[in-house]
Amino acid sequence: MRSQKLSEQDLSTPDRQKLDRFYEEVQVESKRFLGYPCNGLFDYSPLFRFLQYPLNNVGDPYLPSNYHLNTHAFECEVLEIFQTLTEAPAGSTWGYVTNGGTEGNHYGLFLARELLPGGMVYYSQDAHYSIDKILRCLNLRSIMIRSHPDGRMDLEDLRETLRIHRDVPPIVCATIGTTMKGAVDDIAGIQDIFRDLAIHRHYIHADAALGGMMLPFVDNPPPWNFKAGIDSISISGHKMVGSPIPCGVGLAKRAMWI
Ligand SMILES: Cc1ncc(COP(=O)(O)O)c(C=O)c1O
């Protein structure tokens, strides 16, 4: 498989110069780049030696794979850590390491669609733009709910909208840390509305791309996780984790797993 190794010397001069120029640009830009909440304080050098192998985590991380060059054992460890961080009981979630927050949202909303066919998705004005794209990809019906000025979903608007559509199972896509304002949608308040309106079949997906690696480390966070009653969650690796390669974590209650 590794019969011919490409080394730096094999690059043409223009290609090497192109890479050198880009390296210089990255060094400069990384010092003055502002406005995005991403962690740049990391050192993955102990992992560099693994980049010479075609590792691939194809398949379910919890099942044996024919592709032996995988890191499923590490992936399961990561998932267990995030299960704990999101306050799910041990062994109660299934998930995988994704390519980012968007993919985890896609997976959560896909599960919701399979579990509640014909369901309606409710998401706020401040939800990330990936949600709109995913709704179109999955051909899901949806209604956008107003946001408060601070970015939280307006639960009065949600309540009124759900009241009108009580015959359609709701799928609420709650944002746990909106991209622009860091607002956290009120999961407990959403559960209260389901209870008040006697809606028994429902699904809450948490887009915690941003907040999922902050709230576990905050004193007295608002209800946001599995303990608060969400059914699935997506966390991005491109923000607080600080991953230079596509990365995220998607988790869902094992009972929901398809
Ligand atoms: C709230 C929210 N959801 C989803 C995403 C998308 O995450 P990713 O870039 O990891 O796909 C972001 C990223 O900005 C976000 O802030």
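Look above for the structure.
Now for a description of the structure that goes with this document. (Residues numbered from 1 in each chain as written. Predicted model: local features only at pLDDT ≥ 70, side-chain atom pairs only at ≥ 80, totals over all residues. Heavy atoms only, no water.)

**A closer look at the site of the ligand**
At step 1: Taken together, 13 residues lie near the ligand, and Gly-101, Thr-102, Asp-207, Ser-236 and Lys-239 sit nearest.
At step 2: In this structure, Thr-102 approaches the ligand through a side-chain N or O atom, which is 2.6 Å from an oxygen atom.
At step 3: One of the side-chain N or O atoms of Thr-179 is found 2.8 Å from an oxygen atom in the ligand.
At step 4: Protein coverage of the free-state accessible area of the ligand, which is 400 Å², stands at 86%.
At step 5: Given that more than half its atoms are within 2 Å of the pocket grid, the ligand belongs to the second largest pocket.
At step 6: By residue number, the principal contributor to the shell around the ligand is helix H3 (residues 101–115), which donates three residues.
At step 7: Taken together, the residues of the shell around the ligand break down into one nonpolar, ten polar and two charged. (Near = heavy atom within 4 Å. Polar contact = N/O pair within 3.5 Å; in protein donor to acceptor, adjacent residues only side chain to side chain. Areas by Shrake-Rupley, 256 points an atom, 1.4 Å probe, with all protein chains shown as cover. 1 Å grid on protein atoms, 1.4 Å probe; cavity = no way out; pocket = protein on both sides within 12 Å on 5 of 7 lines; lining within 4 Å. Sits in = over half its atoms within 2 Å of the grid points. Helix = DSSP H or I, 4+ residues; strand = E, 2+ residues; numbered from the N terminus. Nonpolar A, V, L, I, M, F, W, Y, C, P; charged D, E, K, R; others polar.)

**A few points about the sheet that holds strand S2 (residues 120–124)**
At step 1: Strands sit in the order S1-S7-S6-S5-S4-S2-S3 across an open sheet of seven strands; the sheet is mixed. Of all strands in the sheet, those with a lone pairing partner are strand S1 (93–98) and strand S3 (141–145), marking the two edges. Strand-to-strand twist of the sheet, defined as the mean angle between neighbouring strand axes without regard to direction, takes the value 15°.
At step 2: In this structure, strand S4 (residues 170–175) lies alongside strand S5 (residues 203–207), joined through five bridges in parallel fashion. Following the sheet pairing, Thr-175 is matched in S5 by Asp-207.
At step 3: Sitting on the sheet, H3 touches S1, S2, S4, S5, strand S6 (232–236) and strand S7 (248–253), and the angle it makes with S5 is about 175°. (Pairing = 2+ DSSP bridges. Axes fitted to C-alpha atoms, helices over the stretch in contact; angles between N-to-C directions. Contact = heavy atoms within 4.5 Å.)

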